[in-house]
Amino acid sequence: MYNAYFKCIEGCDEKYPLDEIIYSCKKCGGLLEVYHEIDPLKQKTAKEWKDIFYKRLRTTEYPYGSGVWSKKEFVLPNIDNENIVSVFEGNSNLFWARLLEKELGIRELWVKQCGITHTGSFKDLGMTVLVSQVNNMMKNGADIKAIACASTGDTSAALAAYGAYAGIPTIVFLPRGKVSTAQLVQPIANNAIVLALDTDFDGCMKIVQDVTKDKNIYLANSMNSLRIEGQKTVGIEIIEQFDWQVPDTIVIPSGNAGNVSALGKGLLMLEELGMINKRPRIVVAQARNANPLYLAYKNGFENFEPVKAKNTIASAIQIGDPVSYKKAVAMIKEFDGIVEEASEEELADACALSDRTGLYTCPHTGVAIACLKKLIDKQVISKDEVVVVISTAHGLKFSEFKTEYHEGKLKDIGSKYKNPMIELEADSNKVIEAIEKEIYKRGRA
Ligand SMILES: *Cc1c(COP(=O)(O)O)cnc(C)c1O
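Residues numbered from 1 in each chain as written. Predicted model: local features only at pLDDT ≥ 70, side-chain atom pairs only at ≥ 80, totals over all residues. Heavy atoms only, no water.

A few words now on the packing of aromatic side chains. Under the criterion given, the structure shown has eleven aromatic pairs. Measuring from ring centre to ring centre gives 5.5 Å for Tyr23 and Tyr218, while their planes differ by 75°; the resulting arrangement is edge-to-face. You can see Tyr23 sitting in the loop between strand 2 (15-16) and strand 3 (32-36) and its partner Tyr218 sitting in strand 9 (residues 217-219), a full 195 residues away along the chain. Taking the centre distance of 6.0 Å and the plane angle of 35° together, the rings of Trp49 and Phe53 count as tilted. With Trp49 and Phe53 both in helix 2 (residues 46-56) and four residues apart, this pair spans about one turn of that helix. Here Trp49 falls in the buried class, since its relative accessible area comes to 0%. Linked through ring pairs, Tyr2, Trp49, Phe53 and Phe74 together constitute an aromatic cluster. Directly above the ring of Phe335 sits Arg279, whose terminal nitrogen or CZ lies 5.5 Å from the centroid. (Phe/Tyr/Trp six-rings, centres within 6.5 Å; stacked < 30°, edge-to-face > 60°. Helix = DSSP H or I, 4+ residues; strand = E, 2+ residues; numbered from the N terminus. Buried < 20%, exposed > 50% of the residue type's maximum accessible area, 1.4 Å probe, protein only. Lys NZ or Arg CZ within 6 Å of the ring centre and 35° of its normal.)

Here it is in structure tokens:
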């Protein structure tokens with residue numbers, strides 16, 4: 001009774017079944033999206049859907065214990081449960097940033113900890129859907145030999161893990177020397193074919209598109225709209241965690257702009273089904289060194305110019321030509337959106353400041369928090385708002401950055417909040433003296 005299919009976002013009436021191997025519209029080359037017929041979903045009331053989701057929360061019944069598949073009817077309603085490839089991703093906690101909200105001067109700040117999940121980033125949410133759909137197609141006889149992606153790190157980690165779990169070979173293309181050791185070792189450990197190329201992310205993207213023209217190798221990049229279906233559960237989950245109350249603002253870091261498109265898509269679905277009655281504002285956060293969306297926003301989205309992304313500590317969003325630009329702009333307009341940017345120093349300091357309050361932020365989350373801080377300071381976000389920051393990855397993936405920050409070794413960054421180790425002789429008096437000095441300096445927050 002439920003019905004979902006690929007539809008062209010440029011509005012050219014093209015429809016394709018979800019088990020067709022297709023990434024863009026055959027007629028106009030535009031991006032596709034998974035379109036859900038809304039009437040069958042409306043057969044259940046808002047209350048009934050909420051109750052269903054609530055009942056599935058953290059169950060062991062496969063696959064509903066997943067934060068993504070607990071919303072199966074909204075994601076891929078017709079896939080066989082036994083073909084779903086899920087590690088019970090999602091259901092990540094909301095961290096109440098009690099000290100950070102004081103520090104920033106805002107009523108309530110919550111951090112959606114998407115990095116606390118199987119491979120350490122929100123990419124799991126999308127990859128479970130994509131790999132499930134590929135697994136389903138293979139089980140139904142499709143001749144697919146491997147799944148491939150280009151990645152700034154986290155996508156390849158997720159693809160490799162889900163591929164390994166399903167027993168499907170995976171191939172990942174990484175820009176040589178531009179991803180952290182922790183991110184690089186994940187696909188290696190999960191037995192992916194790992195290719196490091198002498199180019200940047202945008203360069204890897206071109207190669208993977210060439211390689212996947214052969215339909216035996218399936219393309220897992222975010223132009224593949226199946227991933228959006230999983231990622232869109234993040235907004236649904238946040239609102240569910242707030243007992244279906246809608247926060248004022250949601251801040252999300254953006255690179256290829258798939259995640260912000262997904263966030264908006266999930267929220268609009270809730271609205272259509274009467275499950276929420278207002279919309280949050282969405283703030284898109286970019287690194288200044290890779291800020292094409294910010295620049296486009298500044299000129300009122302009149303025209304879009306890709307940029308050559310410069311190096312940024314927030315390596316997962318070092319993207320100059322976002323694939324999902326059009327989808328993201330549509331969502332920014334729907335959600336009274338703002339795009340803000342943060343410099344390298346701002347994002348690094350925002351990470352360190354947040355970590356001092358008990359978080360352990362990745363640099364992308366640092367970008368989001370730095371942008372939030374700027375918007376509060378400019379009074380664009382008012383002090384009585386309830387704000388949610390989407391934390392996209394786990395800080396543990398970025399130990400080199402944190403170590404260098406606290407050692408004061410990052411180029412052109414003052415490390416305002418650094419906390420270097422104190423190296424001392426093993427002498428009790430000297431130790432006591434040092435501790436007293438440090439306790440005095442810190443005080444009680
Ligand atoms: C992929 C990624 C992003 C950016 O998401 P997009 O969909 O490309 O905008 C942000 N942060 C982290 C940690 C990521 O892995």
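A word on helix 5 (residues 123-139). Compared with an ideal rise of 1.5 Å per residue, which puts 17 residues at 24 Å, helix 5 spans 24 Å between its outermost C-alpha atoms and is within 8% of the ideal. The element helix 5 is extensively covered by neighbouring structure, given that 15 of its 17 residues are classed as buried. Phi turns positive one or two residues past the end of helix 5, at Gly141, with a value near 100°. (Expected span 1.5 Å × (residues − 1).)

This next bit is on the pattern of salt bridges. Opposite charge on two side chains makes pairing possible when the charged atoms of those side chains draw close. Inspection of every chain in the model, using the stated rule, returns 27 salt bridges. Salt-bridge contacts for Glu73 lead to Arg56; the nearest nitrogen and oxygen are separated by 2.9 Å. Residue Glu73 is located in helix 3 (residues 72-75), and its partner Arg56 is located in helix 2; the two are separated by 17 residues in the primary sequence. Arg56 carries the same exposure label as Glu73, and that label is buried. Put simply, Glu229, Lys232 and Lys265 are held in one network by salt bridges that share partners. (Salt bridge = Lys/Arg side-chain N within 4 Å of Asp/Glu carboxyl O.)

Before going further, it helps to examine the site of the ligand. Close to the ligand lie 14 residues, the nearest being Lys123, Asp154, Asn256, Asn259 and Thr392. Within the side chain of Lys123, one N or O atom sits 2.7 Å away from an oxygen atom of the ligand. The backbone of Asn259 places a nitrogen or oxygen atom 2.8 Å from an oxygen atom of the ligand. Protein contacts shield 97% of the accessible area of the ligand, which totals 380 Å² for the unbound molecule. Partitioning the shell around the ligand into residue classes produces five nonpolar, seven polar and two charged. (Near = heavy atom within 4 Å. Polar contact = N/O pair within 3.5 Å; in protein donor to acceptor, adjacent residues only side chain to side chain. Areas by Shrake-Rupley, 256 points an atom, 1.4 Å probe, with all protein chains shown as cover. Nonpolar A, V, L, I, M, F, W, Y, C, P; charged D, E, K, R; others polar.)

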